Structures are given as C-alpha cells and as structure tokens.
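# Chains, contacts and geometry: an overview
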Amino acid sequence: MVEELLTAAIATGVAAVVYLGAAARVVKQYERGLVFRFGRLREEVRGPGLTTVVPVVERLRKVNMQIVTLPVPAQEGITRDNVTVRVDAVVYFKVVDPASAIVAVEDYRFAVSQMAQTSLRSIIGKSDLDDLLSNREMLNQGLELMIDSPAVGWGVQIDRVEIKDVSLPETMKRSMARQAEADRERRARVINADAELQASHKLAEAAEVMSEQPAALQLRLLQTVVAVAAEKNSTLVLPFPVELLRFLERAAPSPAATASPENPAPAGPASEGPGPAEVDDADADALDGAPVPDALGGPADGLMLDAAPPEQERDGLRE
C-alpha cells in the first residue's frame, strides 16, 4: 500500500514537472506577451518575468518593445526642378501597442518599410535639389509625418526619420562644381575690389600728408630701396620722382648765358638781313657795278635808289 502511494506521488510529481515545463514561459524586460486562447486574443498583456499558459489551449506571442532601426533602400526619383537623384534614409520606430502591432497588421516591420519607401519617393518629387542638399531638417519632419500617420493604427510610433545620402549624376556634380567655383571667384573679385578701394583711400590720405612735407616722399623712397635690397636681388630698380627731374631742369643754366664772349653770334636778327658770311661770290660780283651811296644815304651820281625791303633783299640774295 505504501509502495503504491509512493509510486502515485512520484508519478504526480513527474506530471506536474512536465506540465510546468510545458506551461512556463519567460518574458524578457524589453518584451511583452500576448496570449491567444483557441485563436482568440486575451485582453491581458503579460509583463516581463515568468508566466504560464495552458499547454495546447493557449499560445504566447512575444512582441519586442525596443526601438527598431530600419534602413530604407535607396530610392531613385526626379526632383521638382527635373534632376534625377538617389536618396536613402533610415527610420527609427518602436511598438507602443503590442495588440495592434500583432492583430491590425500582418508584419509591422515590412509595412513600415514599404511606407517609408513610398513616402521617400513622394518627398523627392515634391522637393527641389537645393532642399535635399541643404534643408534636410524640414524634409525629415515631413517624411516622419507621412510615415507616422498610417503607423498609428498599427500600434507603431515613428521616433525619428533621417535622410542619409543624396547621390547625384556626375554631370550634375561637375555643373555644381563649376557654379561653386564661379561664385567663389566672384566673391574673390569683390573682396579684391573692396581692398583696392580701401587702399586707395589710405594712399590718398598718405599723399595728402606727404604733400605738406616733400622730404617724407624721399624718406619713403629710401625705405623702399632698403626693403628691395634686403631680398639680396642682383638688380635694383631705383625710381626717380618727376619733381626731382623738374628741379634739376630749373637749376640748369640757359644756353645764352653759357655762350663765351670770344665767339660772338655770326649774324643779327632775321629782320636785319643776312650777315657778310651768307653772301656768296656771285652776289658780290653783282653788287660791284651798283652805285655806292654816300654817307648821307644817297647815290654817288645824285640818283635816288629805292631800297628793297629786307625780306625781298634776302630772298633775292638767296636766289
């Protein structure tokens, strides 16, 4: 009798252990458990820890409550300004309602992935290229709203959406590089012109100060010579100011003052006619037969001769 009772107790214990092994479930801290009894969802959501279900009758479904990182494959589209681009993104979401995530949608991960791809294509078609490159924060917010609207009914909350990369065609990259280069060259020219304007104002002020003291210009010239000579150059270019040349020209004596009294001028003014040296032999022979006037200016034979003007006399002698 005792042996039978002992055998029955052992059998009962073994059955209890087997039952507990089949019915016991462990739910982790970041998970929640949903129990289906004959396919019907129980309202109670099992929390983390050890829980039991009725074997064969009930089935436990665990749902991960962690934030899921879902990469969105690169999507190719045409922007609003007719530029072909490839854009890829990443979506961060988590399950906030385990029952809706399991019952309302077949596979919430796949549903969120497809919705993210569709929304990304829509964002590409509504945006310009400049917005995709520089104004990503606004696009991320718009993409998050487009994905979060249907995901609310799936028990999923979109935590964050980020556009990772925007791939451009090579021709567009070269065009943008040329545009950036032209813009930088324009800014460089503007800065250079502004510097020249400021330098001209400063030089005008310096010239006004130096005009009051001419010696300052000479000192500045000597400083320039010293700065050039410090470079150990083999050739030194020394500029002379125009004022110095004018000063030397004024200080030089005139040619009339430098003429020696031993060498007098050969002839008088042009109005007095040519000097003796200018009369050739033929003209001298022609003058031998002419009557010579006396001291009073009349001719020797008493006849008055009309004197030709000096210009006509000079022209006749030259002929």
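Residues numbered from 1 in each chain as written. Predicted model: local features only at pLDDT ≥ 70, side-chain atom pairs only at ≥ 80, totals over all residues. Heavy atoms only, no water.

### A closer look at the packing of aromatic side chains
Counting across every chain of the model gives 1 aromatic pair. When the centroid spacing of 6.5 Å and the interplanar angle of 85 degrees are considered together, the rings of F93 and Y108 count as edge-to-face. Pair noted here: F93 is in strand β7 (residues 84–95) and Y108 is in helix α3 (residues 108–126), with a separation of 15 residues, a long-range link. (Phe/Tyr/Trp six-rings, centres within 6.5 Å; stacked < 30°, edge-to-face > 60°. Helix = DSSP H or I, 4+ residues; strand = E, 2+ residues; numbered from the N terminus.)

### So, the sheet that holds strand β5 (residues 58–64)
One open sheet holds the 3 strands; their spatial order is β3-β2-β5, and the pairing between them is antiparallel. If you trace the sheet from one side to the other, it starts and ends with β3 (40–46) and β5, each paired once. Within the sheet, the average angular offset between the axes of one strand and its neighbour, ignoring direction, is 30 degrees. Bridging between strand β2 (residues 31–37) and β5 involves 7 bridges; their strand directions are antiparallel. Along β5, the bridge assignment pairs G33 with K62. (Pairing = 2+ DSSP bridges. Axes fitted to C-alpha atoms, helices over the stretch in contact; angles between N-to-C directions.)

### Points about the nonpolar core
The biggest cluster of nonpolar side chains holds 36 residues, and the ones touching the most others in it are V85, V87, V91, F93, V112, V156 and I158. Examining the composition of this core, we find that 7 residues originate from one element, α3, more than from any other. The contacts of I158, once residues within four sequence positions are left out, are V91, Y92, F93, V112, E144, I147, D148 and A151. (Core = buried A, V, L, I, M, F, W, Y, C linked by side-chain atoms within 4.5 Å. Buried < 20%, exposed > 50% of the residue type's maximum accessible area, 1.4 Å probe, protein only. Contact = heavy atoms within 4.5 Å.)

### Description of the pattern of salt bridges
Taken as a whole and assessed by the stated rule, the structure comprises 9 salt bridges. When the shortest N-O distance is used, the salt bridge between R80 and D128 registers 3.1 Å. Here R80 is found in the loop between β6 (68–78) and β7, whereas its partner D128 is found in the loop between α3 and α4 (129–134), with 48 residues between them in sequence. Residue R80 is classed as exposed on the basis of its relative accessible area, which comes to 51%. With a shortest N-O distance of 2.9 Å, R189 and E185 are connected by a salt bridge. Taken together, the residues R189 and E185, both in helix α6 (residues 170–212) and 4 residues apart, mark about one turn of the helix. We classify R189 as exposed; its relative accessible area is 59%. Within this structure, R37, R42 and E58 form a network of salt bridges that share partners. (Salt bridge = Lys/Arg side-chain N within 4 Å of Asp/Glu carboxyl O.)

### Focus on the confidence of the model for the protein chain
Across the protein chain, the average pLDDT comes to 78, with 76% of residues at or above 70. Ranking the elements of the protein chain by mean pLDDT puts helix α10 (residues 281–288) last with 46 and β7 first with 93. Segment residues 265–308: pLDDT under 50, and 18 contacts once partners within four positions in sequence are set aside and those in other chains are kept. (pLDDT = per-residue confidence, 0-100.)

### Comments concerning the side chain of T79
Of note, T79 is situated in the loop between β6 and β7. Of note is the side chain of T79, whose polar atom sits 2.4 Å from the side chain of D81. Beyond its immediate sequence surroundings of up to four residues, T79 is in contact with V85, I124, G125, S127, D128, L129 and L132. (Polar contact = N/O pair within 3.5 Å; in protein donor to acceptor, adjacent residues only side chain to side chain.)

### Digging into the pairing of β2
Successive side chains on a regular strand alternate, one facing one side of the sheet and the next facing the other. Burial runs high along β2: 5 of the 7 residues are buried. As paired strands, β2 and β3 are joined by 4 bridges and run antiparallel to one another. Bridging across to β3, R37 finds its partner in R40. Connecting β2 to the next strand, β3, in antiparallel fashion are 2 residues, including F38 with a positive phi near 50 degrees.

### Side note on the sheet that holds β7
Reading across from one edge, β6-β7-β8 is the order of the 3 strands in this open sheet, with antiparallel pairing throughout. Every interior strand has two partners, whereas the edge strands, β6 and β8 (156–167), have only one. Here the strands of the sheet are splayed against their neighbours by 25 degrees on average, with no regard to which way each runs. Sitting on the sheet, α3 is in contact with β6, β7 and β8, with an inclination near 35 degrees to β6.

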